[in-house]
Amino acid sequence: MRIKKYYIVLIVVSYFSATQYVVAQAKRIITLSSAISETVNALGYGKNILATDVTSVWPEEINRLPKVSRNRSFSVESITAYRPDLILVPEGDFSKENLYQFKSLGIRVVTIRQEFSVQGATKFIRQIAAAIGDKARGEQLAQKTEGNINTTLSQLKKGSKSPKVLFIYARGIGTMNVAGKGSSIDEIIKLAGGKNAIQEFSDFKPYTTEALIKSNPDVILMFDFGLSSLGGRAAFLDLPGVSYTNAGKNKKIVEMNGPLLINFSNRLPEAIKALNNRIL
Amino acid sequence: MKKTVIYTCLSVGLLASICFSLALGAMRIPITEVIGTLTHAIGFSVFGNADHGINEGVIMMIRLPRTLMGVLVGAALGISGAAIQGIFRNPLAEPSLVGISAGASLMAVLIIAFETLLFSSLSQLLGYYLLAFGAFAGAGITAMLVYNLSKINGQANVSTMLLAGIAINAMAGALTGLVTYLADEQKLRSITFWMMGSLGGATWQNVSCLFPFVIIPVIGLPFLAKGLNLFAIGENQVELIGLNPNRIKILVVVLATMAVGASVAVSGIIGFIGLLIPHLTRLLGGVDHRFVLPVSALIGALVLTLADMVSRLIVQPIELPIGVVTALMGTPIFLYILIKDKKKLVN
């Protein structure tokens, strides 16, 4: 009798420890940011992605997938309906309640923290590969990316002095924010050989005309959809204050693809190169 | 007789909407399986046993708590709306219009923003209670403030009350805006959630936390119905039959803000329910508070369950903020009541 009891305990314990430590390779993945979707795709698991968030628009086969999250609003049940075995989500996008809900449904959620640096990019790739259960390919892609970054950085165009770049995140006139220190944009500008025009604050803060004139950037950088939301290049140059800046005088308004600029993963070398080409 | 019919119809309607809410969603789950899972959970077995898989999980861990939260929040907003309209003797006094919801959410936002600063070691459950209690305190403070501001010679003045409500709404909005400048991105998201309203975060944990805060007012407020009826004639009438008007006032405000505060704490601000439901109730069966209070709770629960269903189903796979749905459904009905009453006044 007593032996039987121990036997059962043993089976239960070994069952749980087995499920705990052997992470099966994820087959049905939901990716909830553009950088995560692109990285999973680059790791060769694009066909395992079932659905993404609204910002995952590159490449085309990812863009075609259903979008289950829009501006971080989503429904737990809609995501569950895809019967995923892994959800990859940027840290902080799921509330405590959401994490608890997925946990009680037995769906594995891995929150990915993204650091905006060269080291951060390779760490990001390794983290995602580990979550999928293919560390080998993660190592491969991380090393390849790191090599490409180093090559890119050594081949950058260099000006007489590094240009002051002001990034404006625009969603139409009235909703414009500028990037401060420590943001993803701040880091990519530095990597591409520029200098962020805003040094007074961190993260993103609302745009004001006077702050624009005071910072006097050599280049104004925007996402492509940001510039079109303001009515295009000509309309932007006509905004109050723009003509008083070096960027306005020289018509140095640069637009970049959003997901590429803030990818900070496998496409970081490409982003550095493209931005460097346009600001110098 | 008529009242019995209304009670029966509404109860059946509420039950039906609960069933639909459990049966419909982004996951296609056959109705037989829904019934099987639910009956299995309470110990019976119909249509064979539940599959113990993801379908059961969705029904038991996602849909059931969410539906229950809709019922509780709807009942809370409906009955507090009716009670507050009674105590203010004004059909426009609604938790969100006179600033009670704004007070609750401001307090909640403050707690979220300064949580890590002040109470770094809060456990999750205690955190819920703290939020609920904070929102309750915020609601109570604003209710008292608005009531006292609007009192002229012991009578609550309608226009002063509304203006005070507008002022407090603006103030709370401004302070919330100020806090959002101090908050980081993650906190900002929880703050946006408070302003929009959603039942999407329902878990057994927060539903069980909400339960006592709603059930006590829903049971307690109807006992004050007689007093509220006398209030409608005038405060001195209450004294004439030997009741203490101040005690009734305080009890109503405490119970109503308790329900509203806790609801706001778990689901954010959901507008229009508190204003609209009591009007709808009076349209059905007159102004007697012994009828208006319990039926407002019933209709509130019914309407919010339906609204949540709409918010989940019409823009799949994402969902619409429930506040958008209640305002879209509520405004036309409210305008209809307004026009109808206007005709009555002319005749």
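Residues numbered from 1 in each chain as written. Chains lettered and ligands numbered in written order. Predicted model: local features only at pLDDT ≥ 70, side-chain atom pairs only at ≥ 80, totals over all residues.

Before going further, it helps to spend a moment on unusual backbone geometry. Residues and elements named next belong to chain A. In the segment running from Trp58 into Pro59, the intervening peptide bond is cis, with an omega of -10°. By secondary structure assignment, the location of Pro59 is in the loop between β2 (49-53) and α3 (60-63). Despite not being glycine, Phe264 shows a phi value in the positive range, around 45°. Judged by the 22 C-beta atoms lying within 10 Å of it, Phe264 is buried. (Helix = DSSP H or I, 4+ residues; strand = E, 2+ residues; numbered from the N terminus. Buried ≥ 20, exposed ≤ 12 C-beta atoms within 10 Å, placed from the backbone.)

Let us now look at the domain arrangement of chain A. Residues and elements named next belong to chain A. Under the domain assignment, chain A is made up of domain 1 (29-153) and domain 2 (164-279). Of note, the centres of domain 1 and domain 2, computed from C-alpha atoms alone, are 26 Å apart. Across the contact, 21 residues belong to domain 1 and 12 residues belong to domain 2. Sorting the residues of the side of domain 1 that touches domain 2 by element identifies α2 (34-45), α6 (118-132) and α7 (135-154) as the ones contributing at least two each. For the side of domain 1 that touches domain 2, a count of residues per class yields 11 nonpolar, 9 polar and 1 charged. (Domains from an automatic or database assignment. Contact = placed C-beta atoms within 7 Å. Nonpolar A, V, L, I, M, F, W, Y, C, P; charged D, E, K, R; others polar.)

With that out of the way, let us pick up the pairing of strand β5 (residues 86-90) of chain A. Residues and elements named next belong to chain A. Among the 5 residues of β5, 4 are classified as buried, and the element is accordingly described as predominantly covered. Two elements, strand β1 (residues 29-31) and β5, share 3 bridges in a ladder whose sense is parallel. Bridged to Thr31 within β5 is Leu88. For β5 and strand β6 (residues 109-112), the ladder comprises 4 bridges, and the chain directions are parallel. From the neighbouring strand, Pro90 faces β6, where its bridge partner is Ile112. Between the parallel pair β5 and β6, the chain is carried across by helix α5 (residues 96-104), and the sense of this crossover is right-handed. (Pairing = 2+ DSSP bridges. Right-handed = clockwise from strand over helix to strand, strands pointing away.)

What follows is about helix α8 (residues 184-191) of chain A. Residue and element names in this part refer to chain A. By the criterion of burial, α8 is predominantly enclosed, with 7 of the 8 residues buried. Along α8, the residues classified as buried are Ser184, Ile185, Asp186, Glu187, Ile188, Ile189 and Leu191. Contacts made by the buried residues of α8 are with β7 (164-170), β8 (176-179), β9 (195-196), α13 (258-261) and α14 (268-279).

This paragraph deals with the confidence of the model for chain A. Residues and elements named next belong to chain A. Confidence in the prediction of chain A, expressed as mean pLDDT, is 88, and 92% of residues score 70 or more. Across chain A, β1 holds the top mean pLDDT of 96, while helix α1 (residues 2-21) sits lowest at 53. The model gives residues 17-22 a pLDDT under 50, and that stretch makes 0 contacts with residues more than four places away or in other chains. (pLDDT = per-residue confidence, 0-100.)

Glancing now at the pairing of β2(A). Residue and element names in this part refer to chain A. The buried count for β2 comes to 4 of 5 residues, which makes it a mostly enclosed element. One ladder, built from 3 bridges, connects β1 with β2; its direction is parallel. Note that in β2 the partner of Ile29 across the bridge is Ile49. With α2 bridging β1 and its parallel neighbour β2, the resulting β-α-β unit is right-handed. Where β2 meets strand β3 (residues 67-70), 2 bridges bridge the pair, whose relative direction is parallel. Its bridge partner being in β3, Asp53 is matched across the sheet by Ser69.

Bringing the confidence of the model for chain B into the picture now. Residues and elements named next belong to chain B. Mean pLDDT over chain B stands at 82; residues scoring 70 or higher make up 88%. Strand β2 (residues 155-156) is the least confidently modelled element of chain B, averaging 66 in pLDDT, while helix α13 (residues 289-313) averages 93, the highest of any element. At the level of chain-chain contacts, confidence expressed as ipTM amounts to 0.74, with global pTM at 0.81.

Taken together, the contact between chain A and chain B spans 24 residues of the former and 21 residues of the latter. Contributions of two or more residues to the side of chain A that touches chain B are made by β3, β4 (73-74), α4 (76-80) and α5 of chain A. It is α5(A) that contributes the most residues to the side of chain A that touches chain B, 6 residues altogether. By residue class, the composition of the side of chain A that touches chain B is 7 nonpolar, 11 polar and 6 charged.

In this section: the packing of α2(A) against α7(A). Between two packed helices, the angle of one axis relative to the other and the distance separating the axes together describe the packing. All names here are of chain A. Direction vectors running N to C along α2 and α7 enclose 110°, while the axes themselves pass 10 Å from each other. Relative to α7, α2 is oriented roughly perpendicular. Crossing of α2 against α7: the hand is right-handed. Here Ala42, Leu43 and Gly44 of α2 come into contact with α7, specifically with Arg137, Gly138 and Leu141. (Axes fitted to C-alpha atoms, helices over the stretch in contact; angles between N-to-C directions. Parallel < 35°, antiparallel > 145°, perpendicular 65-115°, else oblique. Left-handed = near helix turned anticlockwise from the far one by under 90°.)

Turning our eyes to something else, we now look at the nonpolar core. Soluble, globular proteins show a tendency: their nonpolar side chains are buried together. Within the largest apolar cluster, 163 residues are counted, with the highest numbers of intra-cluster contacts made by Leu88(A), Ile128(A), Ala135(B) and Ala262(B). When residues in this core are grouped by element, the largest group, 19 residues, is from helix α3 (residues 54-88) of chain B. Here this core spans two domains, since at least three of its residues come from each of domain 1 (29-153) and domain 2 (164-279) of chain A. Setting aside residues no more than four positions away along its own chain, Leu88(A) makes contact with Ile29(A), Thr31(A), Leu32(A), Ile36(A), Val40(A), Val110(A), Ile112(A), Ile128(A) and Ala131(A). (Core = buried A, V, L, I, M, F, W, Y, C linked by C-beta atoms within 7 Å.)

Residues and elements named next belong to chain B. Compared with the 51 Å implied by 1.5 Å per residue over 35 residues, the 49 Å span of α3 between its first and last C-alpha is a close match. Taken as a whole, α3 carries its principal kink of about 35° at Arg63; the proline Pro65 stands between one and four residues after it. Within α3, 33 of the 35 residues are buried, which leaves the element mostly enclosed by the surrounding structure. Phi turns positive, to about 50°, at Arg89, one or two residues after α3. (Expected span 1.5 Å × (residues − 1). Bend = angle between axes of the 7 residues up to and from the residue.)

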